[in-house]
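Now for the letters of each chain:
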Amino acid sequence: MNIILLGPPGAGKGTQAKRLETEYGLKQISTGDMLRAEVAAASETGQKIKGLLDEGKLVPDEIIIAMIESRIEQPDCAKGFILDGFPRSTSQAVALDDMLQKKKISIDAVILIKVPTEELVQRISQRVGDDGTRRADDKPEVVRSRLEIYESQTKPILPYYEKDGRLKQVDGLQTISDVAHSIDTILNACNN
Ligand code: AP5
Ligand code: MG
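Cut-offs used in this document
Residues numbered from 1 in each chain as written. Chains lettered and ligands numbered in written order. Predicted model: local features only at pLDDT ≥ 70, side-chain atom pairs only at ≥ 80, totals over all residues. Heavy atoms only, no water. Buried < 20%, exposed > 50% of the residue type's maximum accessible area, 1.4 Å probe, protein only. Helix = DSSP H or I, 4+ residues; strand = E, 2+ residues; numbered from the N terminus. Pairing = 2+ DSSP bridges. Core = buried A, V, L, I, M, F, W, Y, C linked by side-chain atoms within 4.5 Å. Contact = heavy atoms within 4.5 Å. Near = heavy atom within 4 Å. Polar contact = N/O pair within 3.5 Å; in protein donor to acceptor, adjacent residues only side chain to side chain. Areas by Shrake-Rupley, 256 points an atom, 1.4 Å probe, with all protein chains shown as cover. Nonpolar A, V, L, I, M, F, W, Y, C, P; charged D, E, K, R; others polar. Salt bridge = Lys/Arg side-chain N within 4 Å of Asp/Glu carboxyl O. UniProt positions renumbered as here; feature names shortened; annotations may be inferred.

Overview of the pairing of strand β4 (residues 109-114)
So, step 1. In terms of residue burial, β4 counts as a mostly covered element, since five of its six residues are buried.
So, step 2. Note that strand β1 (residues 3-6) and β4 share four bridges and pair parallel. In the strand pairing of β4, Leu 6 is matched with Leu 112.

So this is what it looks like as structure tokens:
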């Protein structure tokens, strides 16, 4: 089973993707985590994109699309994957469909986790990573910019997934376990 999780910064994409990984044996593919790993490793790509991540701006499509293409080919994705943070613009959504068509891979569910802006700001201001550190892009001014980019560049892809009935929505204001339950209900319906 292959899933796309959509939603604004702080909606809970990563939280839910990690649970789906454990419970369904799928692989989380978080473009944000992959990009932060490049920055931490100070790779050539990492050095190129550090400034964009720090400012909350989108990394160029060619970097992201190549990254996704090689990732989904890896054996640990054979049972299925969860895209977390990709696609993030109409051009990425179109590129993804082209790529999947060529590889004869289909997406079983596109799930939008909906959360109002005030709650997102609150959640991100309190988020601390597993290692006890805070993300460089979680500073209030960068969060504002990430939210604006979500509105202007990512939200416009919703009609792309809505038009063929692929888009399902869950209320992300529920507790983490209730969001998980709503996602399970969608996935169970896909399997039948
Ligand atoms: P990315 O890492 O994808 O960040 P994001 O989309 O801004 O989302 P977050 O990771 O902040 O939030 P989340 O939805 O995962 O929420 P979480 O589960 O942590 O991208 C970072 C950057 O990388 C981008 O700005 C861009 O520069 C670049 N990038 C990434 N992908 C790209 C692409 N495709 N193209 C170009 N550039 C790209 O939850 C948030 C908090 O809320 C946590 O503390 C959690 O515990 C809590 N929480 C979760 N669910 C609930 C709940 N139901 N109730 C209460 N609290 C909850
Ligand atoms: Mg995340």
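Notes on the nonpolar core
So, step 1. With 31 residues, the main nonpolar core has Ile 4, Leu 6, Ile 68, Phe 81, Leu 83 and Tyr 161 as its most contacted residues.
So, step 2. A total of six residues in this core trace back to one element, the largest contributor, which is helix α4 (residues 61-72).
So, step 3. Setting aside residues up to four positions removed in sequence, Tyr 161 forms contacts with Ile 4, Leu 6, Pro 87, Ala 93, Leu 96, Val 110, Arg 166 and Leu 167.
So, step 4. Leu 5, Ala 109, Val 115 and Val 143 belong to the second largest nonpolar core, which has 20 residues in total.

Remarks on the site of ligand 1
So, step 1. Taken together, 32 residues are adjacent to ligand 1, and Thr 15, Lys 57, Arg 88, Arg 127 and Arg 146 come closest.
So, step 2. Contact distances for ligand 1 include 2.7 Å between a nitrogen atom and a side-chain N or O atom of Thr 31.
So, step 3. Side-chain polar atom of Arg 127 to an oxygen atom of ligand 1: 2.7 Å apart, as the coordinates give it.
So, step 4. Coverage of ligand 1 by the protein chains reaches 87% of its 1100 Å² of free accessible surface.
So, step 5. The element best represented in the shell around ligand 1 is helix α2 (residues 31-40), accounting for four residues.
So, step 6. Taken together, the residues that form the shell around ligand 1 break down as 11 nonpolar, 12 polar and nine charged.

Things to note about the pattern of salt bridges
So, step 1. Applying the stated criterion across every chain yields a total of 16 salt bridges.
So, step 2. The partner of Asp 138 in a salt bridge is Arg 127, with the nearest N and O atoms 2.9 Å apart. Of the two residues, Asp 138 is situated in the loop between α6 (117-126) and α7 (140-154) and Arg 127 in the loop between α6 and α7; the sequence distance between them amounts to 11 residues.
So, step 3. Residue Asp 138 is classed as buried on the basis of its relative accessible area of 4%.
So, step 4. Across the pair Asp 137 and Arg 146 runs a salt bridge, and its minimum N-O distance is 3.7 Å.
So, step 5. Residue class for Arg 146 comes out buried when judged on its relative accessible area of 9%.
So, step 6. Each of the salt bridges in this network shares a partner with another, and the network as a whole consists of Arg 127, Arg 135, Asp 137, Asp 138 and Arg 146.

Examining the UniProt feature "binding site: ATP" (unreviewed entry) in the protein chain
So, step 1. Under the UniProt annotation, "binding site: ATP" (unreviewed entry) lies at Gly 10, Ala 11, Gly 12, Lys 13, Gly 14, Thr 15, Arg 127 and Gln 174.
So, step 2. Topologically, Ala 11 is positioned in the loop between β1 and α1 (13-24).
So, step 3. What makes Ala 11 buried here is its relative accessible area of 4%.
So, step 4. Excluding residues within four positions of it along the chain, Gln 174 makes contact with Val 179 and Ser 182.
So, step 5. Here the side chain of Gln 174 touches Asp 171 through a polar contact of 2.8 Å, landing on its backbone oxygen.

Quick notes on the environment of Leu 167
So, step 1. With respect to the helices and strands, the residue Leu 167 is situated in strand β5 (residues 167-171).
So, step 2. For Leu 167 and Leu 6, which are 161 residues apart along the polypeptide, the C-alpha to C-alpha distance reads 9.5 Å.
So, step 3. Those residues within four positions of Leu 167 in sequence are excluded, and the remaining contacts are Leu 6, Val 110, Leu 112, Leu 158, Tyr 161 and Glu 162.

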